[in-house]
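Residue-level structure breakdown
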Amino acid sequence: MTETTRRDEIAAGLARVEAEIAEACRAAGRSREELTLIAVSKTYPASDVRLLAGLGITDVGENRDQEASVKARECADLGLRWHFVGQLQTNKVRSVVGYADVVHSVDRPRLVTALSREALGAGRRITCLVQVALDGDPARGGVVPQQAEALADAVAGAPGLELGGVMAVAPLEEEPGRAFARLRKIARSVQDAHPGAGVISAGMSGDMSQAIANGATHLRVGTALLGRRKPFVR
(Lines give C-alpha, C1' and ligand atoms only; values in the text may rest on other atoms or scores of the structure.)
Protein backbone atom coordinates (compact mmCIF):
# COMPACT_ATOMS: atom_id res chain seq x y z
CA MET A 1 0.00 0.00 0.00
CA THR A 2 1.37 3.42 -0.93
CA GLU A 3 1.54 6.25 1.59
CA THR A 4 -1.08 8.19 -0.37
CA THR A 5 -3.48 5.25 -0.33
CA ARG A 6 -2.93 4.72 3.39
CA ARG A 7 -3.51 8.41 4.05
CA ASP A 8 -6.79 8.26 2.16
CA GLU A 9 -7.81 5.18 4.13
CA ILE A 10 -7.07 6.84 7.47
CA ALA A 11 -8.72 10.08 6.38
CA ALA A 12 -11.89 8.16 5.52
CA GLY A 13 -11.83 6.48 8.94
CA LEU A 14 -11.36 9.82 10.66
CA ALA A 15 -14.27 11.31 8.73
CA ARG A 16 -16.54 8.44 9.81
CA VAL A 17 -15.45 8.80 13.43
CA GLU A 18 -16.00 12.55 13.40
CA ALA A 19 -19.47 12.06 11.89
CA GLU A 20 -20.39 9.62 14.65
CA ILE A 21 -19.05 11.98 17.31
CA ALA A 22 -20.99 14.90 15.82
CA GLU A 23 -24.23 12.92 15.79
CA ALA A 24 -23.73 11.71 19.37
CA CYS A 25 -22.99 15.25 20.50
CA ARG A 26 -26.19 16.51 18.87
CA ALA A 27 -28.20 13.77 20.54
CA ALA A 28 -26.67 14.55 23.93
CA GLY A 29 -26.88 18.33 23.57
CA ARG A 30 -23.12 18.64 23.82
CA SER A 31 -20.47 20.55 21.89
CA ARG A 32 -17.77 18.76 19.89
CA GLU A 33 -15.25 21.04 21.61
CA GLU A 34 -15.93 19.23 24.90
CA LEU A 35 -14.33 16.05 23.53
CA THR A 36 -10.74 15.02 22.90
CA LEU A 37 -10.20 12.28 20.34
CA ILE A 38 -7.23 10.05 21.21
CA ALA A 39 -6.01 7.96 18.29
CA VAL A 40 -4.89 4.63 19.71
CA SER A 41 -2.08 3.49 17.44
CA LYS A 42 -1.10 0.24 19.17
CA THR A 43 0.33 -2.32 16.72
CA TYR A 44 0.42 0.28 13.93
CA PRO A 45 3.63 1.93 12.69
CA ALA A 46 4.98 5.39 13.36
CA SER A 47 4.19 6.24 9.73
CA ASP A 48 0.48 5.95 10.59
CA VAL A 49 1.00 8.32 13.53
CA ARG A 50 2.57 10.83 11.13
CA LEU A 51 -0.39 10.52 8.78
CA LEU A 52 -2.80 11.03 11.69
CA ALA A 53 -0.90 14.13 12.78
CA GLY A 54 -1.08 15.46 9.23
CA LEU A 55 -4.86 15.03 9.39
CA GLY A 56 -5.09 17.11 12.55
CA ILE A 57 -4.84 14.53 15.32
CA THR A 58 -3.00 15.94 18.35
CA ASP A 59 -3.45 13.14 20.91
CA VAL A 60 -2.10 9.61 20.49
CA GLY A 61 -2.61 6.62 22.79
CA GLU A 62 -0.53 3.49 23.29
CA ASN A 63 -0.87 0.55 25.66
CA ARG A 64 2.54 -1.16 25.51
CA ASP A 65 5.66 0.68 26.62
CA GLN A 66 8.00 -1.34 24.41
CA GLU A 67 6.14 -0.09 21.35
CA ALA A 68 5.15 3.34 22.61
CA SER A 69 8.61 4.48 23.67
CA VAL A 70 10.02 3.84 20.19
CA LYS A 71 7.14 5.57 18.40
CA ALA A 72 7.30 8.56 20.72
CA ARG A 73 10.98 9.02 19.87
CA GLU A 74 10.37 8.59 16.15
CA CYS A 75 7.55 11.15 16.24
CA ALA A 76 9.09 13.58 18.72
CA ASP A 77 9.11 16.39 16.14
CA LEU A 78 5.31 16.33 15.78
CA GLY A 79 4.46 17.93 19.14
CA LEU A 80 1.87 15.29 19.97
CA ARG A 81 0.34 14.64 23.38
CA TRP A 82 1.01 11.00 24.32
CA HIS A 83 -1.44 9.00 26.42
CA PHE A 84 -0.51 5.68 28.03
CA VAL A 85 -3.77 3.72 28.17
CA GLY A 86 -2.72 0.14 29.01
CA GLN A 87 -2.06 -1.66 32.26
CA LEU A 88 1.19 -0.32 33.67
CA GLN A 89 3.76 -2.36 35.57
CA THR A 90 5.91 -0.47 38.04
CA ASN A 91 9.12 -1.57 36.28
CA LYS A 92 7.96 0.31 33.17
CA VAL A 93 7.11 3.56 34.94
CA ARG A 94 10.47 5.28 34.37
CA SER A 95 10.27 4.69 30.64
CA VAL A 96 6.60 5.74 30.41
CA VAL A 97 7.23 8.95 32.35
CA GLY A 98 9.85 9.82 29.74
CA TYR A 99 7.27 10.38 27.01
CA ALA A 100 3.69 10.09 28.31
CA ASP A 101 1.84 13.28 29.15
CA VAL A 102 -1.20 11.42 30.52
CA VAL A 103 -1.40 7.99 32.17
CA HIS A 104 -4.97 6.65 32.03
CA SER A 105 -4.44 3.42 33.95
CA VAL A 106 -3.57 4.35 37.54
CA ASP A 107 -5.16 1.62 39.64
CA ARG A 108 -3.12 1.09 42.83
CA PRO A 109 -1.23 3.14 45.45
CA ARG A 110 2.11 1.50 44.59
CA LEU A 111 1.80 2.80 41.05
CA VAL A 112 1.05 6.30 42.33
CA THR A 113 4.24 6.20 44.41
CA ALA A 114 6.33 5.00 41.46
CA LEU A 115 4.90 7.59 39.06
CA SER A 116 5.48 10.37 41.55
CA ARG A 117 9.09 9.36 42.14
CA GLU A 118 9.93 9.10 38.45
CA ALA A 119 8.07 12.29 37.52
CA LEU A 120 10.05 14.22 40.10
CA GLY A 121 13.29 12.63 38.92
CA ALA A 122 12.54 13.58 35.32
CA GLY A 123 11.38 17.07 36.19
CA ARG A 124 8.00 16.39 34.63
CA ARG A 125 4.40 16.77 35.75
CA ILE A 126 2.27 13.82 34.66
CA THR A 127 -1.52 13.91 34.46
CA CYS A 128 -3.00 10.74 35.91
CA LEU A 129 -6.46 9.21 35.59
CA VAL A 130 -7.83 6.71 38.06
CA GLN A 131 -8.88 3.58 36.17
CA VAL A 132 -12.10 2.12 37.55
CA ALA A 133 -12.99 -1.56 37.14
CA LEU A 134 -16.68 -1.19 36.33
CA ASP A 135 -17.15 -4.96 36.54
CA GLY A 136 -15.64 -4.97 40.04
CA ASP A 137 -12.78 -7.22 38.89
CA PRO A 138 -9.43 -5.47 39.36
CA ALA A 139 -7.61 -8.41 37.74
CA ARG A 140 -8.41 -6.88 34.34
CA GLY A 141 -7.13 -3.46 35.36
CA GLY A 142 -8.72 -0.77 37.48
CA VAL A 143 -9.59 -0.13 41.08
CA VAL A 144 -12.93 -1.29 42.44
CA PRO A 145 -15.45 1.58 42.42
CA GLN A 146 -15.56 1.83 46.22
CA GLN A 147 -11.84 2.65 46.31
CA ALA A 148 -11.75 5.14 43.44
CA GLU A 149 -12.08 8.27 45.57
CA ALA A 150 -9.31 7.22 47.97
CA LEU A 151 -6.96 6.51 45.08
CA ALA A 152 -7.87 9.86 43.51
CA ASP A 153 -6.92 11.55 46.79
CA ALA A 154 -3.57 9.77 46.70
CA VAL A 155 -2.86 10.95 43.16
CA ALA A 156 -3.88 14.51 44.00
CA GLY A 157 -1.49 14.55 46.93
CA ALA A 158 1.50 13.06 45.11
CA PRO A 159 4.31 15.41 44.05
CA GLY A 160 4.89 15.53 40.32
CA LEU A 161 1.42 14.24 39.50
CA GLU A 162 -1.81 15.98 38.58
CA LEU A 163 -5.18 14.28 39.03
CA GLY A 164 -6.99 14.53 35.72
CA GLY A 165 -10.09 12.45 36.45
CA VAL A 166 -11.17 8.87 35.77
CA MET A 167 -11.01 6.22 33.06
CA ALA A 168 -12.83 2.95 32.41
CA VAL A 169 -13.48 0.29 29.81
CA ALA A 170 -17.08 -0.91 29.47
CA PRO A 171 -17.39 -4.57 30.58
CA LEU A 172 -17.99 -6.92 27.65
CA GLU A 173 -21.01 -8.52 29.30
CA GLU A 174 -22.86 -5.26 29.97
CA GLU A 175 -24.63 -2.63 27.88
CA PRO A 176 -22.04 0.19 27.62
CA GLY A 177 -24.46 3.00 28.43
CA ARG A 178 -25.30 1.51 31.83
CA ALA A 179 -21.63 1.02 32.66
CA PHE A 180 -20.70 4.55 31.60
CA ALA A 181 -23.55 5.97 33.67
CA ARG A 182 -21.94 4.41 36.74
CA LEU A 183 -18.58 5.86 35.76
CA ARG A 184 -20.17 9.29 35.44
CA LYS A 185 -21.40 9.09 39.05
CA ILE A 186 -17.93 8.12 40.25
CA ALA A 187 -16.43 10.94 38.20
CA ARG A 188 -18.77 13.45 39.82
CA SER A 189 -17.78 12.27 43.30
CA VAL A 190 -14.10 12.61 42.43
CA GLN A 191 -14.65 16.06 40.95
CA ASP A 192 -16.61 17.19 44.00
CA ALA A 193 -13.46 16.64 46.05
CA HIS A 194 -11.07 17.79 43.30
CA PRO A 195 -12.78 20.41 41.10
CA GLY A 196 -10.03 20.39 38.48
CA ALA A 197 -10.32 16.66 37.81
CA GLY A 198 -12.96 16.78 35.09
CA VAL A 199 -11.66 14.14 32.66
CA ILE A 200 -13.83 11.12 31.91
CA SER A 201 -11.88 8.82 29.58
CA ALA A 202 -14.46 6.41 28.20
CA GLY A 203 -15.57 5.13 24.83
CA MET A 204 -13.76 3.21 22.13
CA SER A 205 -14.54 2.32 18.53
CA GLY A 206 -17.65 0.31 19.39
CA ASP A 207 -19.22 2.42 22.14
CA MET A 208 -18.33 6.06 21.46
CA SER A 209 -21.93 7.23 21.28
CA GLN A 210 -22.89 5.70 24.63
CA ALA A 211 -19.81 7.24 26.24
CA ILE A 212 -20.61 10.69 24.86
CA ALA A 213 -24.18 10.39 26.14
CA ASN A 214 -22.76 9.78 29.61
CA GLY A 215 -20.33 12.66 29.80
CA ALA A 216 -17.11 11.29 28.33
CA THR A 217 -14.51 13.96 27.66
CA HIS A 218 -11.85 11.73 26.08
CA LEU A 219 -12.45 8.95 23.52
CA ARG A 220 -9.83 6.24 22.90
CA VAL A 221 -10.31 5.13 19.30
CA GLY A 222 -8.14 2.74 17.30
CA THR A 223 -9.89 0.31 14.96
CA ALA A 224 -12.41 2.84 13.63
CA LEU A 225 -9.54 5.14 12.64
CA LEU A 226 -6.86 2.72 11.48
CA GLY A 227 -8.96 -0.20 10.28
CA ARG A 228 -8.83 -3.93 10.82
CA ARG A 229 -5.77 -5.06 8.97
CA LYS A 230 -2.77 -7.25 9.66
CA PRO A 231 -1.14 -5.24 12.44
CA PHE A 232 2.40 -4.00 12.50
CA VAL A 233 4.31 -5.47 15.43
CA ARG A 234 7.76 -4.14 16.24
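Residues numbered from 1 in each chain as written. Predicted model: local features only at pLDDT ≥ 70, side-chain atom pairs only at ≥ 80, totals over all residues. Heavy atoms only, no water.

Of the pockets and cavities examined, the largest pocket occupies roughly 940 Å³. Taken together, 39 residues form the lining of the largest pocket, with Lys42, Asn63, Val85, Val169 and Met204 sitting closest to its centre. When contributions to the lining of the largest pocket are tallied by element, the ones reaching two or more residues are helix 3 (65-74) and strand 8 (218-221). Broken down by class, the residue content of the lining of the largest pocket amounts to 15 nonpolar, 14 polar and 10 charged. (1 Å grid on protein atoms, 1.4 Å probe; cavity = no way out; pocket = protein on both sides within 12 Å on 5 of 7 lines; lining within 4 Å. Points joined across faces, edges and corners; volume = space filled by probe spheres on them. Helix = DSSP H or I, 4+ residues; strand = E, 2+ residues; numbered from the N terminus. Nonpolar A, V, L, I, M, F, W, Y, C, P; charged D, E, K, R; others polar.)

Next up on the list: the side chain of Ser41. Here Ser41 lies in the loop between strand 1 (36-40) and helix 2 (46-54). Given a relative accessible area of 0%, Ser41 falls into the buried group. Residues within four places of Ser41 in sequence aside, it is in contact with Val49, Val60, Gly61, Glu62, Glu67, Lys71 and Leu226. (Buried < 20%, exposed > 50% of the residue type's maximum accessible area, 1.4 Å probe, protein only. Contact = heavy atoms within 4.5 Å.)

Glancing now at the pairing of strand 3 (residues 81-84). Taken residue by residue, a regular strand's side chains alternate between the two faces of the sheet. For strand 2 (residues 59-62) and strand 3, the ladder comprises 4 bridges, and the chain directions are parallel. Pairing of Glu62 across the sheet is with Phe84, part of strand 3. Between strand 2 and its parallel partner strand 3, the chain crosses via helix 3, and the hand of that crossover is right-handed. Looking at chain direction, strand 3 and strand 4 (residues 102-106) are connected through 2 bridges and run parallel. Among the inter-strand pairings, Phe84 is bridged to a residue of strand 4, identified as Val103. (Pairing = 2+ DSSP bridges. Right-handed = clockwise from strand over helix to strand, strands pointing away.)

That's the geometry; what it means functionally is another story.
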